[in-house]
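Chain by chain, the residues:
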Amino acid sequence: MDRDLSEDGSVVDLSFEAESPLAPPAELLERLPSYDCLFQEGGQQIFFPPLEAPGRALEQRCWSSFLEHRVPLVTEEVAREALLSFVSSKCCYGSTVAGDLIIQELKQQTLCRYRLETFSESRISEWTFQPFTNQSVDGPQRGTSPRLWDIKVQVPPVFQEDTRKFQVPHSSLVKECHKCHGRGRYKCSGCHGAGMVRCPSCSGAKRKAKQSWRCHLCSGSGRRRCRTCSGRGSKTCGTCKGEKKLLHFIQLVIMWKNSLFEFVSEHRLNCPRELLAKAKGESLFKDENTVVYPIVDFPLREISLASQRGIAEHSAALASRARVLKQRQTIELIPLTEVHYWYRGQTYVYYIYGTDHRVYVEDYPERYCCGCTII
């Protein structure tokens, strides 16, 4: 006879509920000073950072000395070697063209790339829980929980993103598991507490259709032991892991983020801008401080405007929800060369960009297969 464990009251019928941990109802938890906001809808609160003193203003600079920096020009020999090195790393491009081509013209241009990095820290708090295994409870009786921005933590290296979680001191509470109501188990959803299920081979008929002998899979009983609960009729509560109680506490989540703004000056050559944003350049200017100020007097006006726009965007995005720990703005020179060459009666073009002479090819005459993107 099939048994139904729901009748003895030892398990809760949660057959139609998810087995993953569920958030407890707000009224289940006690209110802690300075953390009442956590009981609002969503159970999560962003804490605004304390105001910081602004950094120093950027001094007026004489850019003439910076603009005297010049990256080495690309010669025909360098252009050919760059292409040979490039095609040798590609399985479907022959090296004959790179060796036999005739270079007709080198169009060279030096671009400026402005980059702003803002390293910030934001903090949120949320209720979380774990099974209670009789561990020590750091609750409100031991003191008042500190404000989130008063909690001191080790900051990761600047401009390196990271996320860490900490338990807020004196915020722990022990409560009965809200999923199984403190019983530690709940009725199996596979067999509804019976421990047995209908035989999948004979569908409970004890023998297969048009066969006189009994079903071998269930030995003629028409029932099989439930694989979900191994015949027990109930399963261990996935929320409290059978411990019947949960340790609730406020969790501090700290996120360090590096926001990036990039701008590459306009150019007259047909090289994709996304490649130039990643190209290796020669450093022209670097300013690093808690807060940097816009560049206003750079000879190339679009770089000054980019600096002003980038700083304004980061300030607007982070001012109300994060604390800026460090900012860094740089200007780099990016060499770009358009190489026109002749091969077997036709003219072709490729580009050399960056101080490490990366190559971009759109139409290569000695190509053995299709489907490759050459960058």
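Since we're looking at a predicted model, the values are computed, not measured.

**Student:** Provide a residue-level description of the overall build of the protein, including the pertinent values.
**Tutor:** Within the protein, the secondary structure is distributed over 5 helices and 13 strands. Looking at the protein residue by residue over its 375 residues, the buried ones come to 43%. Pairs at least 24 apart in sequence give 81% of the contacts found in the protein among residues at least 6 apart. Of the roughly 21000 Å² of accessible surface on the protein, 49% is carried by carbon and sulfur atoms.

**Student:** Residue-level account of unusual backbone geometry, with values.
**Tutor:** The backbone of phenylalanine 159 sits at a positive phi, close to 65 degrees, despite the residue not being glycine. Of note, phenylalanine 159 is situated in the loop between strand E2 (102-131) and strand E3 (162-167). In the Ramachandran plot, histidine 170 falls in the positive-phi region, its phi being about 60 degrees despite a non-glycine side chain. Residue placement: histidine 170 occurs in the loop between E3 and strand E4 (173-176).

**Student:** How would you summarise the environment of glutamate 302 if you had to cite specific residues and measurements?
**Tutor:** Looking at where glutamate 302 falls in the secondary structure, it is placed in helix H5 (residues 301-318). For the pair glutamate 302 and glutamate 266, spaced 36 residues apart in sequence, the C-alpha separation works out to 8.6 Å. With residues near it in sequence (within four places) discarded, glutamate 302 still touches Phe263, Ser265 and Glu266. Polar side-chain contacts of glutamate 302 include one of 3.4 Å to the backbone nitrogen of glutamate 266.

**Student:** Got a sec to walk through the environment of cysteine 226? Specific residues and values, please.
**Tutor:** Mapped onto the secondary structure, cysteine 226 falls in the loop between strand E7 (223-225) and strand E8 (234-236). Of the residues examined, cysteine 226 reaches a relative accessible area of 3% and is grouped as buried. Taking C-alpha positions, cysteine 226 is 8.9 Å from arginine 198, a pair spaced 28 residues apart along the chain. Beyond its immediate stretch of four places on either side in the chain, cysteine 226 contacts Cys188, Gly190, Cys191, Gly195, Met196, Val197 and Gly231.

**Student:** Now, about the state of the cysteines: what can you tell me, with residues and values included?
**Tutor:** Counted under the stated rule, the structure contains 0 disulfides. Cysteine 240 supplies the cysteine sulfur nearest to cysteine 237, a cysteine that is in no disulfide, at a spacing of 3.8 Å. A relative accessible area of 1% places cysteine 237 in the buried class.

**Student:** Account for the nonpolar core, naming residues and giving values.
**Tutor:** Generally speaking, soluble globular proteins have nonpolar side chains that are buried together. Core analysis: the biggest nonpolar cluster contains 21 residues, and Leu83, Tyr341, Tyr350, Ile352, Val359 and Tyr364 have the highest contact counts within it. When contributions to this core are tallied by element, the ones reaching two or more residues are helix H2 (76-88), helix H3 (96-100), strand E11 (323-343), strand E12 (346-353) and strand E13 (358-361). Per-element accounting of this core gives the leading share, 5 residues, to H2. Apart from residues lying up to four places away in sequence, leucine 83 is in contact with Ala98, Leu101, Tyr350, Val359, Val361 and Tyr364. In terms of nonpolar packing, the next biggest core, distinct from the first, is built from 17 residues, Tyr114, Phe261, Val292 and Ile295 among them.

**Student:** Give a detailed account of H2, specifying residues and quantitative values.
**Tutor:** Side chains three or four residues apart in an α-helix point the same way, a direct result of the helix having 3.6 residues per turn. Helix length check: H2 (13 residues) gives 18 Å between terminal C-alpha atoms against 18 Å at 1.5 Å per residue, within 8%. When H2 is considered as a whole, its buried residues turn out to be Ala79, Ala82, Leu83, Phe86 and Val87. Projection of H2 onto a plane perpendicular to its axis shows the buried side chains occupying an angular sector of 125 degrees, all on one side. Set apart from the buried face of H2 by more than 90 degrees, the exposed residues are Glu77 and Ser88.

Criteria and cut-off values
- Residues numbered from 1 in each chain as written.
- Predicted model: local features only at pLDDT ≥ 70, side-chain atom pairs only at ≥ 80, totals over all residues.
- Heavy atoms only, no water.
- Helix = DSSP H or I, 4+ residues; strand = E, 2+ residues; numbered from the N terminus.
- Buried < 20%, exposed > 50% of the residue type's maximum accessible area, 1.4 Å probe, protein only.
- Contact = heavy atoms within 4.5 Å.
- Areas by Shrake-Rupley, 256 points an atom, 1.4 Å probe, with all protein chains shown as cover.
- Polar contact = N/O pair within 3.5 Å; in protein donor to acceptor, adjacent residues only side chain to side chain.
- Disulfide = S-S within 2.5 Å.
- Core = buried A, V, L, I, M, F, W, Y, C linked by side-chain atoms within 4.5 Å.
- Expected span 1.5 Å × (residues − 1).
- Arc of directions from axis to C-beta.

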